[in-house]
Amino acid sequence: MLTGRNLELAQELLESIRFFNQRGWSPATSTNYSARSEDPQKYLISRSGVDKSKFELSDLILIDSEGTVLAPYIRPGVKSSAETEIHTGLYARFPEAQCVLHTHSVLGTVLSYELLAQGELSFEGLEILKGLEGNATHELREILPIVPNSQDMSEILRNMEGHFASQIHGFLIAGHGLYTWGNTVAAARRHVETFEFLFECYATKRRF
Ligand SMILES: [Zn+2]
């Protein structure tokens, strides 16, 4: 059973998972979510294969930095998300990150698939950009890298390697979905909402 700070984090994550599901950003048991636990080397993460409209607190499990499921969650059928390695990889690269969120929206999927060849989406001049941590003005250029999809998570991380040193708040996997992170669960959730809004703006603009 989760207690104290871990329980609070799990509740915050659960609330965000339900919100994303209501928005249609986690169809068909897809997507995964995590938060750095009270012990910074352990993570709360969504377990694999759960319908996000039925997601419960008990579907959040603890793993270590290698992605190994920890007691008391070691039970037959309980597996960490298939994309766990991306979560642990992001925490290793961003020591301040407290939460990693991954959604599958229609727009994130289509835009990243169609625009993979250009390698990134860029956004500028929009007030919503201030939703991303550290952005104090709309007068900036926000880059969201796009990398090819793969069932090999280390390949996705390898393709992202050159981008991690720049000021990014997330990335898209082509034809797949969005990864973003933040220094709190609330910040990471705000990043998902900000990027989804930016995707809508981008797609709307292309229709003009
Ligand atoms: Zn995914």
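This text goes with the structure placed above it.
A brief look at the structure comes next. This structure is a prediction, so every number in the text was calculated from the model and none was measured. (Residues numbered from 1 in each chain as written. Predicted model: local features only at pLDDT ≥ 70, side-chain atom pairs only at ≥ 80, totals over all residues. Heavy atoms only, no water.)

## Some words on the coordination of the zinc ion
Ideal values for angles at a metal depend on the geometry: 109.5 degrees with four tetrahedral donors, 90 or 180 degrees with six octahedral donors. Stated precisely, the cut-off is as follows: As a rule, N, O and S atoms within 2.8 Å of a metal are its donors, except that Na, K and Ca use 3.2 Å; water is not among the atoms, so sites may look incomplete. Each label reflects the angles at the metal, where four donors whose angles all fall between 85 and 135 degrees are tetrahedral, four or six donors whose opposite pairs open beyond 155 degrees and whose other angles stay between 65 and 115 are square planar or octahedral respectively, and the rest are irregular. A run of H or I in DSSP becomes a helix once it reaches four residues, and a run of E becomes a strand once it reaches two; helices and strands are each numbered from the N terminus. Accessible area is worked out with a 1.4 Å probe on protein chains only. A residue is then buried under 20% of its type maximum, exposed over 50%, and partly exposed in between.
Only Glu83 (OE), His102 (NE2), His104 (NE2) and His176 (NE2) from the protein coordinate the zinc ion, and they sit 2.1 to 2.4 Å from it. Classification of the site at the zinc ion as irregular follows from its four donor atoms and the range of 91 to 154° in their angles at the metal. Between consecutive donors of the zinc ion, the numbers of intervening residues give the motif E-x18-H-x1-H-x71-H. Of this pair, Glu83 sits in the loop between β3 (60-64) and α2 (84-93) while His104 sits in the loop between β4 (99-103) and α3 (106-114); the two residues are 21 residues apart in sequence, bridging distant segments of the chain. Like His104, Glu83 is buried.

## Description of α3
Quick note on the threshold: This arc describes the spread of directions from the helix axis toward the C-beta atoms. Residues count as neighbours in contact if any of their non-hydrogen atoms are within 4.5 Å of one another.
When α3 is considered as a whole, its buried residues turn out to be Gly108, Leu111 and Ser112. Down the axis of α3, the sector holding all buried residues measures 95°, keeping them to one side. Those residues of α3 that are exposed and angled more than 90 degrees off the buried face are Val106, Tyr113 and Glu114. Next to the buried residues of α3 lie β6 (141-147), β7 (170-173) and α5 (185-207).

## Regarding the layout of surface pockets
For clarity, the cut-off: Every definition here rests on a 1 Å grid over the protein atoms only: cavities are sets of points where a 1.4 Å probe fits but cannot get out, pockets are open sets enclosed by protein on both sides within 12 Å along at least five of seven lines, and lining residues have some atom within 4 Å of a point. Grid points are joined across faces, edges and corners, and a volume is the space filled by probe spheres set on the points.
Approximately 250 Å³ is the volume attributed to the largest pocket. Lining the largest pocket are 15 residues, with Glu133, Gln167, Ile168, His169 and Trp181 sitting closest to its centre.

## Examining the environment of Glu114
Tracing the backbone through its elements, the reader meets Glu114 in helix α3. Distance in space between the C-alpha atoms of Glu114 and Gly4 is 44 Å, their sequence separation being 110 residues.

## Digging into the packing of aromatic side chains
Applied cut-off: Pairing of aromatic rings covers Phe, Tyr and Trp, the last counted by its six-membered ring, and requires centre-to-centre distances within 6.5 Å; plane angles under 30 degrees mean stacked, over 60 mean edge-to-face, and any other angle means tilted. The rule is short: NZ of Lys or CZ of Arg within 6 Å of the ring centre and within 35 degrees of the ring normal puts a charge over the ring.
Taken as a whole, this structure holds twelve aromatic pairs when the rule is applied. Considering the side-chain rings of Phe20 and Trp25, the 6.0 Å spacing of their centres and the 35° angle between planes classify their relative orientation as tilted. Like Phe20, the residue Trp25 is buried in the burial classification. With a centroid separation of 4.4 Å and an interplanar angle of 20°, the aromatic rings of Tyr43 and Tyr91 are classed as stacked. Highlighted residues: Tyr43 in strand β2 (residues 42-46) and Tyr91 in helix α2, separated in sequence by 48 residues. Three or more aromatic residues joined by ring pairs form one cluster here, namely Phe94, Phe164, Phe171, Tyr179 and Trp181. In this structure, Arg189 packs its charged tip against the face of Phe19, placed 4.5 Å from the ring centre.

## Details of the environment of Ala188
Tracing the sequence through the fold places Ala188 in helix α5. Assessed through its relative accessible area of 0%, Ala188 is described here as buried. Each C-alpha atom of the pair Ala188 and Val100 lies 6.7 Å from the other, and the pair is 88 residues apart in sequence. What Ala188 contacts, discounting residues up to four positions off in sequence, is Cys99, Leu101, Thr180, Trp181 and Gly182.

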